[in-house]
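Structure assessment
Residues per chain, in single letters:
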Amino acid sequence: MSEPLLQLHGVSKSFGAVAALVSADLTLEAGTIHALIGENGAGKSTLVKIIGGLYHRDSGDFLLEGESVHFHNTKDAKAAGIAVIYQEPTLFPDLSVAENIFVGRQPYTRVGTLDRAKMRRDTRELTQRLGVPIDPDRQARGLSIADQQVVEIAKSISVGAKVIIMDEPTAALSGVEVDRLMGIARQLRDEGKGIIFISHRFDEVFSLCDTITVMRDGTYIATNKTAATTEDEIIRQMVGRSVGSLFPKVETTVGAAVLEVRALTSVGVFEDVSFTVRAGEIVCFAGLVGAGRSEIARAVFGVDAYDSGSVTVGGARVPRRNPAGSMRLGMGFVPEDRRKQGLAMAASVQTNVTMAIRSSLARFGLITSSLEEPSARTWASRLQVKTHALDTEAQMLSGGNQQKVVLGKWLATQPKLLIVDEPTRGIDVGTKAEVHRLLSELAGTGVAVLMISSELPEVLGMADRVLVVREGRITAEFARDAATPENVMYAATHAVGAAA
Amino acid sequence: MSAATSAGTIAETGGARYLRHGRPLWRRGLLRTEAAIILAVILLLAIGTAVVPFFAQPYTYSTMILNSAPVLLMLLPVTLIVITGDIDLSVGSALGFSSAIFGLGFQAGVPIAVAAVLGVVAGAVVGILNGVLVTIVGLPSLAVTIGTLALFRGIAVGLLGTTAVTDFPQELTRPVSANLPGLPVPVVTLAIVLLAIVFGILLHFTPFGRGVFAIGLSPEAAAFSGVRVNRTRLILFVMSGVVAGATGVYYTLQYSNAIGTNGQGFELQVVTAIVLGGVSIWGGRGTLLGALAGGLLIAALNKTLQLAGIGSDTISIVTGAALIFSVVVASVAGFLSRRRRGKAAATPAVGA
């Protein structure tokens, strides 16, 4: 075989002090489908963004058909024949399918007007070639996500893309649509294109891809020939590291049930979810992003509605869709997105810390800054928030300190049950350990903790029990001693009943 | 102070010491829009007194208050609405609608007290409609209140046609526009001060008010903190409607004139005053005092220019320029202070 289509050697990328990608290797041959897999945060997206010209690599070699390339922007990458198809396509909703495919390079007739006939003809031909005829005159707005992806793929073929990267294309598709997309991928492979396919679904990866590259913690781990490897081997590569030493887990005596969720269902989001969290216990939701973990937590706390089922805290029924009511029963919620949901970024540390306890601070219905200040001071110092003044705006703090403010805001409510959704996402390692210690101590004082985390080591290090959520259902439960990286990862990526 | 390297536990209060405020008092207190606007009002009145003939008499001040009373009243609840990030442009029409209902009721022989209550209810209806469309239907308040602005103006004008109800009893109209005994201050000032205190406490010294700011800062974070976001917004729209309705009754009696065009254009004066007073049109920032000061500045500006014999078109130009100037100044000041604090934050925090 001649030169590989795409070769990366030792490619690294850091954002400030955070290394997002360390010495990544990837070799893509023409006429093959190459899977890229790894946990969330493993560096797949960073790698894709470097290939697609969105990020610049700090070091390493990037060869396209044997030639070293340096993309300045996505336009350079496109011109070189690289196309990226995202999970959520980025079409212009008000333009037609044909206009979307030819946007920016429309053909003109001899008199200088748009050659709509040619656009239509070419679009019809392209989509037919992909086996999915789509009306060229339809507006992109009304198309299903699957059809929008087909339009994106058609567009990439029409600009002569040689490398097509599909970033979790199947996450939002139904079974039939997935089969159709895999058919298209095979066809493109047979036409000699190189395809990088990112997916969390092992069945797809194993049936579609010729080679599988595994990444973990921003580092390249291994490239396997699909025919010569097993799912177990891949899972081992994805999680292979020592677990448990990092997190100071305090052994606690587990008390009575605090949170009881029974048959909670929100149609199309999650179904028949039942679980219990007891006093002093840390229960973790493990699973892939998009499995429905946050959605369940949001419904339990009452930010979102649900269709049926019940939630009780300390035996009392939690009202639906009423966070204030949940808080009165002793619930606290540290949301996933601290910048939008956890904090008012433009408000002071004090305002944020006291936001959830504003009613209890009031005297005779009135509240003043001097009533709020001691509380803000107490919680800021207990969590060692690094700021010099209480009226500093939250947006001036580092990510880790912002997260401490969110935690302080909820600890101030003295909850019986604290739900924490991705509590350590995007914060530095030191603060991360502090957060873990804090949650552990909190459980030690008898608080029930429900934690959602996409980081397996964190889940295994912190949890008394692990509940695996997959496609909106709790599909597996492991006690602390029984949970291993392999079986949790297996449960998160496989349908029930397919257990090995 | 020892560096906060060792992680604190939740049981102990760690070694961190915090200043209550990052900036000294004079900068927090004086470098504010409210202070600047109040200063501008005082300066304007001083200049007017010194320069404009006939300015320095009690009558000037009492008519200034009387003329601006409707705007000063209505801007109080609307300030809270703007702080949540919404807007209410329908208050002028709510005033007109209330005035029309009040006038018709009185004309039809309903006891005047009952007619007045009907007027207030009319305002409340506008507020409820706004609130329901914004919170339950989920439409943007700008679009909704532009709609109700046109809708209720149309109804008000339609109800009364070209006629006006003017024969209100003098024993009611006279005290409404009278001065407080022995003072050059109209009676309505009492209502403005009282309502300002009520809304000021509500906004700045109650958990409800904290929720109002939280919604303006981040509706999502507010909802996650247990603020009943939609309920709060609905309550504020209804309050705004009720105040506009009551203002409609007052306005009708003050001029002894119920006509469909009463209060036309007041909504713009209300919003202008609020923004001029340093309330962020994006929500989350501002004070009631600032909004009131903004209203007074517009009143003083109008009066001064009017007495100086300058036409209403010029007054309009000056008001508009003042508004743009204040917004530009606020945004430049915000940019500068962010940049300064950005630099300060880049240097290691000082333990005190």
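Because the structure is a prediction, the values reported are computed rather than measured.

Turning our eyes to something else, we now look at the overall build of chain A. Secondary structure summary: chain A contains 18 helices and 20 strands in total. In summary, chain A has a C-alpha radius of gyration of 25 Å against a globular reference of 23 Å for 500 residues, a match within 12%. Counting only residues that meet the buried cut, chain A has 49% of its 500 residues in that class. Long-range pairs, those at least 24 residues apart, make up 67% of the contacts in chain A with a sequence separation of at least 6.

Right, let's talk about the pairing of strand S20 (residues 473–479) of chain A for a bit. Two faces make up the sheet, and in a regular strand the side chains alternate between them. All names here are of chain A. Looking at chain direction, strand S19 (residues 465–470) and S20 are connected through six bridges and run antiparallel. Within the sheet, the bridge partner assigned to Val469 lies in S20 and is Ile474. Counted between consecutive antiparallel strands, the loop separating S19 from S20 contains two residues, among which Glu471 sits at a positive phi close to 45°.

Before going further, it helps to spend a moment on the confidence of the model for chain B. Residues and elements named next belong to chain B. Here chain B shows a mean pLDDT of 87. Residues at 70 or above account for 90%. Under a pLDDT of 50 for its full length, residues 1–15 has, in the predicted model, 27 contacts with residues more than four places off or in other chains. Here residues 343–352 scores under 50 on pLDDT; set against residues more than four positions off or in separate chains, the count is ten contacts.

Attention shifts here to the environment of B:Gly92. Residue and element names in this part refer to chain B. Counting through the fold element by element, Gly92 comes out in helix H4 (residues 91–107). Along the sequence, Gly92 and Glu267 sit 175 residues apart, while their C-alpha atoms lie 5.0 Å from each other. The residues contacting Gly92, other than those within four sequence positions of it, are Gly263, Gln264, Gly265, Phe266 and Glu267.

All names here are of chain A. Pairing in this open sheet of four strands is antiparallel, and the strands run S12-S11-S14-S15 from one edge to the other. In this open sheet, the two strands that pair with only one neighbour each are strand S12 (270–278) and strand S15 (316–317). Bridging between strand S11 (residues 257–266) and strand S14 (residues 308–313) involves five bridges; their strand directions are antiparallel. Looking at S14, one finds that Leu259 is bridged to Val313. Strands in contact with helix H9 (residues 293–301) are S11, S12 and S14; relative to S11, the strand with the most contacts, it is inclined by about 115°.

Residues and elements named next belong to chain A. As far as domains go, chain A holds domain 1 (6–91 + 143–239) and domain 2 (257–493). On a C-alpha basis, the centres of domain 1 and domain 2 stand 34 Å from each other. Every contact between the two is made by eleven residues of domain 1 and, on the other side, eleven residues of domain 2. Take the side of domain 1 that touches domain 2: its biggest share by element is four residues, from helix H8 (residues 231–239). When its residues are assigned to classes, the side of domain 1 that touches domain 2 shows five nonpolar, three polar and three charged.

Residues and elements named next belong to chain A. Not every positive phi belongs to a glycine, and Asp272 is a case in point at roughly 50°. On the secondary structure map, Asp272 appears in strand S12. According to the C-beta neighbour criterion, Asp272 is partly exposed, with 13 such atoms within 10 Å. Positive phi outside glycine occurs at Phe364, with the angle close to 55°. By the secondary structure assignment, Phe364 is in the loop between helix H13 (358–361) and helix H14 (369–382).

Attention now moves to helix H4 (residues 116–129) of chain A. All names here are of chain A. For H4, spanning 14 residues, the distance from its first C-alpha to its last is 20 Å, which sits close to the expected 20 Å at 1.5 Å a residue. Among all positions of H4, only Met119, Thr123, Leu126 and Thr127 are buried. The buried side chains of H4 occupy one side of the element, clustering within an arc of 90° when seen end-on. Residues of H4 that are exposed and point over 90 degrees away from its buried face: Ala117 and Gln128. Buried-residue contacts for H4 involve helix H3 (97–101) and helix H5 (145–158).

Take the interface of chain B and chain A next. Residue-level contacts link 33 residues of chain B with 44 residues of chain A. Of all the secondary structure elements, the ones that give two or more residues to the side of chain B that touches chain A are helix H9 (207–217), helix H10 (219–224) and helix H14 (312–346) of chain B.

Thresholds applied
Residues numbered from 1 in each chain as written. Chains lettered and ligands numbered in written order. Predicted model: local features only at pLDDT ≥ 70, side-chain atom pairs only at ≥ 80, totals over all residues. Helix = DSSP H or I, 4+ residues; strand = E, 2+ residues; numbered from the N terminus. Rg over C-alpha atoms; globule rule 2.2 N^0.38 Å. Buried ≥ 20, exposed ≤ 12 C-beta atoms within 10 Å, placed from the backbone. Contact = placed C-beta atoms within 7 Å. Pairing = 2+ DSSP bridges. pLDDT = per-residue confidence, 0-100. Axes fitted to C-alpha atoms, helices over the stretch in contact; angles between N-to-C directions. Domains from an automatic or database assignment. Nonpolar A, V, L, I, M, F, W, Y, C, P; charged D, E, K, R; others polar. Expected span 1.5 Å × (residues − 1). Arc of directions from axis to C-beta.

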